[in-house]
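Next come the chains, spelled out residue by residue.
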Amino acid sequence: MTLTAIGAGIAALSSIGGGLGIGHATAKAVEAIARQPEADAKIMRNLLLGCALAEATSIYGFVIGVLIIFML
């Protein structure tokens, strides 16, 4: 039972990585827009795509953690 909890905790740690990744990407996008305001549309499109992928990874880790807890 304790190994199940440890495994679920490790799976849920992916949320931390996703949050840090999204924060870093947003900071760099704001910096890029400040340097080149005319490239605003391209930067925002790439930012949203990257944030969606990072968020999906975090959600997958959370779901795996919940499945480990309730299925085992």
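Cut-offs and rules
Residues numbered from 1 in each chain as written. Predicted model: local features only at pLDDT ≥ 70, side-chain atom pairs only at ≥ 80, totals over all residues. Heavy atoms only, no water. Helix = DSSP H or I, 4+ residues; strand = E, 2+ residues; numbered from the N terminus. Rg over C-alpha atoms; globule rule 2.2 N^0.38 Å. Buried < 20%, exposed > 50% of the residue type's maximum accessible area, 1.4 Å probe, protein only. Contact = heavy atoms within 4.5 Å. Areas by Shrake-Rupley, 256 points an atom, 1.4 Å probe, with all protein chains shown as cover. Lys, Arg positive; Asp, Glu negative; His and termini not counted. Charge placed at Lys NZ, Arg CZ, Asp CG, Glu CD.

## Remarks on the overall build of the protein chain
- Check the secondary structure of the protein chain and you find 3 helices and 0 strands.
- Shown N-terminal to C-terminal, the secondary structure of the protein chain runs as helices and strands in the order α-α-α.
- Since a compact globule built from 72 residues should have a radius of gyration of about 11 Å, the 17 Å found for the protein chain marks it as more spread out than a globular shape.
- Every one of the 72 residues in the protein chain was classed for burial, and the buried ones make up 18%.
- In the protein chain, 74% of the contacts between residues at least 6 apart in sequence involve partners at least 24 apart.
- Surface summary for the protein chain: the accessible area is close to 5300 Å², and the carbon and sulfur share equals 75%.
- Both charge centroids of the protein chain, one from 4 positive and one from 4 negative side chains, sit 6 Å from each other.

It is worth stressing that arrangement in space is one thing and function is another; only the former is reported here.
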